[in-house]
Amino acid sequence: RPPPGQCSIQPGRSFALASVSVIMRLLLGTFGAMVCVGTAAPPSGFPAWAEAMQQDGYIVQEGVYGYLGTKECRNMDTCFALNPSTPYGLIYLPPHPFESAEYINYTNACARHNLCKTVGKTTWSPMWRVARGESIILTGLTPPNSTYWSFENYLFSRFQTRGFRPRPQDASHRMLSCPRVPLWSKGKRCDLFAGVNDPLNFQTINATSPFNSPFILVISWDADAEAAASRYLSLHSHANAGTINYLRNPGAVLRLGVTRGDEDEFLNMLRVEGIKDEAARKAFYTHVPLSAFRVTPTTQVPAPSDAALWPSFEGHLRTRWTGRSEAAPGVTTEDLRDGLRQLQRAVLKKHSRSLFDHTAFAFKAWVNDSGYECIERGERCQGDCRDTVYAYGTLVPQEVLCNVTHFPCKPARKSELSSHPSDTIYVFGVNHQRTRHAIYSSLTMYDYPRLASASIRIMGREKEQFTVRNEDYADSALALLPKHPAAPFLYAVKYTRSKCQAQEEVLCVEVPVESQDPEAIPLPVEAELAFIERMYLKPGMKTGPALAETVLPSMLHIRRIFEDSIVV
């Protein structure tokens, strides 16, 4: 036995040899814990609750809170279609003290996506494998006064075993499917990035104020770990630490563990939109007001039973449905839909010369309600959130079909935005903030498949930005539909490589190939592209709008045939 105050094996080391693995199994017990006698001295400045947990047989490792924005995105292989308006918050943690991979080679997702942080000789990641009985504790301040914020739990990646076949919802979802796994392969990991519970948002937080207020967040996979963390936090936190809040992962339907290599990876993400004060915004992202801790039980702590694991939350999430489809005062749902059709007809009448120079496409949604759909079908959810509807529009599937069949498709079926004078993409949609279907909405262009947001310049503005917000496209449909009752609640946005004119019939957005802005992510001419519309939180609800009650956008690609070498 080790002397008091020490552990039998030092945390942070990796054990891959079979002989060591046998010893480690004995030390870890059934849930991957560290055997300690007495208490190791906690790091200087550790909170009292963490010291108390270490005294009673837990290992508490402090992590670090970090942000993922457009700057970090430039060095990643994928940007996961993140909202570029504000950086996302991520919890970087050290690995489990006895993390290994005895069954299958394992590389943390942070290495695949260039998201790791190196602390000393240890790699810290925002994606973690988790052993039974572990919990994560976040302390600090909620974001400043803003339009929206939330913390959300994700099943980030899953090891799909041999013979796996995805079951996409339809042909357009095939590009989101995890790859098939042949029978001769042990398996392959896929980034599902699927939400597994309702977020904790500014309307559901238990705190003295939703903004800039002290709070504590316990992230758990079982009831025993949550109860233990709550007990120590309640007894040993200072009076101003804030109220304890909880985010639960459904441990009963997840693959927990840290020793095989085929376990699930998890992630927690903070979204913030529309911080009101620029100084407060800068301070929040410069001086991070959040601390993160990984709590691991040793064999001195009873292992949680199967009954203690949180069950699946599918079917038990906050309801989205109101029984009323999107509308506005004096404007019906059908008026909104008719207005969108009239916008498309008006643009075609003025700019199209034949059936062969344009392609129209209706937006679809990644999920109907929750990330459980992606887990079931084996699809990438791309960070879904039940506080919103993510609607996407792209011509990539049509272009792929043209390339596979070698059918001479019309240029307008291509997903690129070229520099041809007539090449324009229009997006027609509903201003969900104005119809009071959401507290804010936006439209963002991405490259595909990297899903990095493209730098754009809105007409009349010198500074580039990454997204078109509801205040940007407000009233942009009035010029085309001056007498239509739905026009004030609609938008029409035109994307072009050319220079916008002084007088445009809709909101014109330039898509530059190059930029002088060091923060910009220019979209190359040859890049395939996709659009995503977001709409967050239905007013009066604590969750996002229902997909079935939402009027989704449509896109129109115009590219005259005589300007391209392909002829139908």
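Before any of the text, the structure's been laid out above.
It should be emphasised that the depicted structure is a prediction, and the values quoted were computed from it without experimental measurement. (Residues numbered from 1 in each chain as written. Predicted model: local features only at pLDDT ≥ 70, side-chain atom pairs only at ≥ 80, totals over all residues. Heavy atoms only, no water.)

**Student:** Which residues make up the pattern of salt bridges, and what values go with them?
**Tutor:** Two side chains carrying opposite charge are able to pair once their charged atoms lie near each other. Going through the model one piece at a time under the given rule, you end up with 25 salt bridges. Arg 112 is the partner of Asp 191 in a salt bridge, and the nearest nitrogen-oxygen pair spans 2.7 Å. Placement of Asp 191 in strand 10 (residues 187-195) and of Arg 112 in helix 4 (residues 109-112) is noted, with a sequence separation of 79 residues between them. Overall, Arg 112 belongs to the partly exposed group, its relative accessible area being 32%. We note a salt bridge from Asp 475 to Arg 434, for which the minimum N-O separation is 2.5 Å. Here the residue Asp 475 occupies a position in the loop between strand 22 (468-469) and strand 23 (490-496), and Arg 434 occupies one in the loop between strand 19 (424-430) and strand 20 (440-448), the gap between them amounting to 41 residues. Since its relative accessible area comes to 37%, Asp 475 is described here as partly exposed. What you see here is one network of salt bridges that share partners, running through Asp 198, Arg 320, Asp 369 and Arg 386. (Salt bridge = Lys/Arg side-chain N within 4 Å of Asp/Glu carboxyl O. Helix = DSSP H or I, 4+ residues; strand = E, 2+ residues; numbered from the N terminus. Buried < 20%, exposed > 50% of the residue type's maximum accessible area, 1.4 Å probe, protein only.)

**Student:** Lay out unusual backbone geometry in plain terms, naming residues and giving numbers.
**Tutor:** At the junction of Tyr 448 and Pro 449, the peptide bond is cis and its omega measures out at 10 degrees in the coordinates. Note on placement: Pro 449 falls in the loop between strand 20 and strand 21 (457-458). Its identity as a non-glycine residue notwithstanding, Asn 114 has a phi of 60 degrees, on the positive side. Take Asn 114: it is sitting in the loop between helix 4 and strand 6 (117-119).

**Student:** Break down the packing of helix 2 (residues 48-55) against helix 5 (residues 223-236) for me, citing the residues and quoting the values.
**Tutor:** Where helix 2 meets helix 5, the closest approach of the two axes is 8 Å, and the angle between their N-to-C directions is 130 degrees. Between helix 2 and helix 5, the crossing angle belongs to the class labelled oblique. Where helix 2 crosses over helix 5, the handedness of that crossing is right-handed. Contacts between helix 2 and helix 5 involve Ala 48, Trp 49, Ala 52 and Met 53 on the former and, on the latter, Ala 229, Tyr 232, Leu 233 and His 236. Tallied by class, residues from the contact of helix 2 with helix 5 come to 7 nonpolar, 1 polar and no charged. (Axes fitted to C-alpha atoms, helices over the stretch in contact; angles between N-to-C directions. Parallel < 35°, antiparallel > 145°, perpendicular 65-115°, else oblique. Left-handed = near helix turned anticlockwise from the far one by under 90°. Contact = heavy atoms within 4.5 Å. Nonpolar A, V, L, I, M, F, W, Y, C, P; charged D, E, K, R; others polar.)

**Student:** Account for the layout of surface pockets, with residues named and values stated.
**Tutor:** As a volume, the largest pocket reaches approximately 1,000 Å³. Pro 84, Ser 85, Thr 86, Arg 281 and Arg 469 are, among the 33 residues lining the largest pocket, the residues nearest its centre. Looking at the lining of the largest pocket, the elements with two or more residues in it are strand 4 (64-68), helix 3 (70-73), strand 14 (265-275), helix 6 (278-286) and strand 20. A per-element tally of the lining of the largest pocket places helix 6 first, with 5 residues. Residue classes in the lining of the largest pocket are distributed as 9 nonpolar, 12 polar and 12 charged. (1 Å grid on protein atoms, 1.4 Å probe; cavity = no way out; pocket = protein on both sides within 12 Å on 5 of 7 lines; lining within 4 Å. Points joined across faces, edges and corners; volume = space filled by probe spheres on them.)

**Student:** Could you give an account of the sheet that holds strand 22, with specific residues and numbers?
**Tutor:** Strand order in the open sheet formed by 5 strands is 17-18-25-20-22, and the pairing between neighbours is antiparallel. Looking at which strands have only one partner, the edges of the open sheet turn out to be strand 17 (364-365) and strand 22. With 2 bridges joining them, strand 20 and strand 22 adopt antiparallel strand pairing. From the neighbouring strand, Ser 442 faces strand 22, where its bridge partner is Arg 469. On the sheet, helix 9 (residues 396-405) packs against strand 18 (388-394), strand 20 and strand 25 (528-536) and is oriented at approximately 155 degrees with respect to strand 25. (Pairing = 2+ DSSP bridges.)

**Student:** Give a description of helix 7 (residues 333-351) that names residues and reports values.
**Tutor:** Helix length check: helix 7, at 19 residues, gives a terminal C-alpha distance of 28 Å against a target of 27 Å (1.5 Å per residue), a fit within 8%. Residues of helix 7 that are buried sit in contact with strand 16 (358-362), strand 19, strand 23 and strand 26 (554-558). (Expected span 1.5 Å × (residues − 1).)

**Student:** Pulling in residues and values, what's your account of the pairing of strand 14?
**Tutor:** Successive side chains on a regular strand alternate, one facing one side of the sheet and the next facing the other. Within strand 14, 10 of the 11 residues are buried, leaving the element largely enclosed by the surrounding structure. Strand direction decides the pairing type here: strand 5 (residues 88-92) and strand 14, joined by 2 bridges, are antiparallel. Along strand 14, the bridge assignment pairs Leu 90 with Met 269.

**Student:** Explain the pairing of strand 23 to me, using residue names and the numbers behind them.
**Tutor:** Burial within strand 23 is extensive, with 7 of its 7 residues counted as buried. Here strand 23 shows a buried face lined by Leu 490, Ala 492, Lys 494 and Thr 496 and a second buried face lined by Tyr 491, Val 493 and Tyr 495. With 7 bridges joining them, strand 19 and strand 23 adopt antiparallel strand pairing. Following the sheet pairing, Ile 425 is matched in strand 23 by Tyr 495. Pairing of strand 23 with strand 24 (residues 507-510), which is carried by 4 bridges, proceeds in the parallel orientation.

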